[in-house]
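# Structural overview for review
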Amino acid sequence: MLPADPTIDLLLRAAGARAKLIEAHARDGRYDSAFRLFNGFLEGWPDLVMDIYGRTLVVFNYADDPEAAQPRIEAAWRLILAQFPWINTVCLKTRASADEEKRRGVLVHGSTPARKIREHGIWYALNLTLNIDASFYLDTRSLRAWAAANLSGRRVLNTFAYTGSLGVAAAAGGASEVLHLDLNRRFMNLAKDSYALNGLPVRRADFLTGDFWTQINALKRAGRQFDCVFVDPPFFSTTARGTVDLVSNSRRVINKVRPLVSHEGWLVVINNALFLSGADFLAMLEALCADGYLAIESLLPVPPDCAGYPETRAGSPPANPAPFNHSTKIVLLRVRRKEQRSREIL
């Protein structure tokens, strides 16, 4: 048992707020969904985040001194095991460790981590120790639902695809074409596994591996256009061809892909920079929209298991995300092409 500690109440209150998610997860003994069980950054214990993937509990130790925090972290996941005996595996990721394997995650209980989960009827392949995260982003759940519901018959470009979940949702929803682009072949291979799980054809030409800047230039030269382009870059990255910086230079990435979006198509932008306020991000987008060729259609919320519930929230992010409900800021933009607008004026 945990020693007398207010964090016990934090964990139990967080689990109680997610009772409907947990009930749906356990219905008919499937245990095949995924959700955030505890977000310590926003629910009172910044050292700890816990996610459920199938029957696997993924535990993130975010403490600056992870060894000192480890006894409490272990006591916490053992409490969760006692509460939910259907969990058969625990994967611990120690984000501040000097050991790369510990950052990517080690099994501290059980031996059969989940290899797939289902969301909105679509299967997604997992490799929970592929990277320092869990290879599948829970905070973009609403965007995957939107993609599956709205992109049937559409041509889709999924930039910074990572393990492909946004493109998988679009393809499973009936998109006529989905082109994935990422720098890392190992990540793209997991996207192919998701295709196979859903009975979708795996065509090599649909999965491009290479530098974002180079590949976008090639698509422009080829005259390609897409009805929807997803832009979900990492917080910061740099190659010989260019730099992505979500705090100070989101505009450059957005402008880079704008010519690839068809008239009245969508440009979907995700920005997860913790230190960029929602107001500042929105102001930047509004400035881009001033010429009349871009328009903000809607802001998509992050689900409450990631953002925290009113009764569980006990902390604040470094920058105020409002009018977004979380530091992961998701915006649907509509694009009007100059040549089409000129015809309409004439």
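Residues numbered from 1 in each chain as written. Predicted model: local features only at pLDDT ≥ 70, side-chain atom pairs only at ≥ 80, totals over all residues. Heavy atoms only, no water.

## A closer look at the environment of R336
The criterion, for reference: Helix and strand definitions follow DSSP, with helices as H or I runs of at least four residues and strands as E runs of at least two, each counted in order from the N terminus. Residue burial is assigned from relative accessible area. The probe radius is 1.4 Å, only protein chains are included, and a residue is buried under 20% of its type maximum, exposed over 50%, and partly exposed in between.
Checked against the element boundaries, R336 lands in the loop between β16 (329-335) and α13 (338-345). We classify R336 as partly exposed; its relative accessible area is 27%. Linking R336 and L208, residues 128 residues apart in sequence, is a C-alpha distance of 27 Å.

## Let's talk about the sheet that holds β16
We count it as follows: Whether two strands pair depends on DSSP finding at least two bridges between them. As a rule, the C-alpha atoms of each element are fitted with a line to give its axis, helices using only the stretch in contact, and angles between N-to-C directions run from 0 to 180 degrees.
Taken in spatial order, the seven strands line up as β10-β9-β8-β11-β14-β16-β15 in an open sheet, and their pairing is mixed. Edge positions in the sheet fall to β10 (207-209) and β15 (294-300), since each of these pairs with one other strand and no more. Going across the sheet, the axis of each strand differs from the next one's by a mean of 20 degrees, ignoring polarity. Relative to β10, strand β9 (residues 177-182) runs parallel, the two sharing three bridges.

## Considerations on unusual backbone geometry
Between A322 and P323 the backbone carries a cis peptide bond, its omega angle lying at 15 degrees. Mapped onto the elements, P323 comes out in the loop between α12 (304-307) and β16. Positive phi, close to 75 degrees, is recorded for S135, a residue that is not glycine. Mapped onto the elements of the fold, S135 is located in the loop between β7 (122-125) and α6 (141-150). Assessed through its relative accessible area of 0%, S135 is described here as buried. A positive phi angle, near 50 degrees, is found at F160, a position not held by glycine. The topology assignment puts F160 in the loop between β8 (155-159) and α7 (165-172).

## Overview of the packing of helix α10 (residues 250-257) against helix α11 (residues 278-289)
We count it as follows: The crossing is said to be left-handed when, going from far helix to near helix, the turn is anticlockwise and less than a right angle, and right-handed when the turn is clockwise. Only heavy atoms matter for contacts: two residues are in contact if any of them lie within 4.5 Å across the pair.
In contact at an axis separation of 11 Å, α10 and α11 are set at 40 degrees when each is read in the N-to-C sense. You can see that α10 and α11 cross each other, and the crossing is right-handed. Within the contact between the two elements, α10 uses S250, R251, I254 and N255 and α11 uses F281, M284, L285, A287 and L288.

## Here we look at the pairing of strand β11 (residues 226-231)
Buried residues dominate β11, accounting for six of its six residues. As judged from the five bridges shared by β11 and strand β14 (residues 261-271), these two strands associate in the parallel manner. Note on β14: the bridge partner recorded for F226 is V261.

## Some details on the environment of G167
Tracing the backbone through its elements, the reader meets G167 in helix α7. On a C-alpha basis, the gap between G167 and C228 in space is 10 Å, while along the polypeptide they are 61 residues apart. Dropping the residues within four chain positions of it, G167 is found in contact with N158, V178, H180 and Y195.

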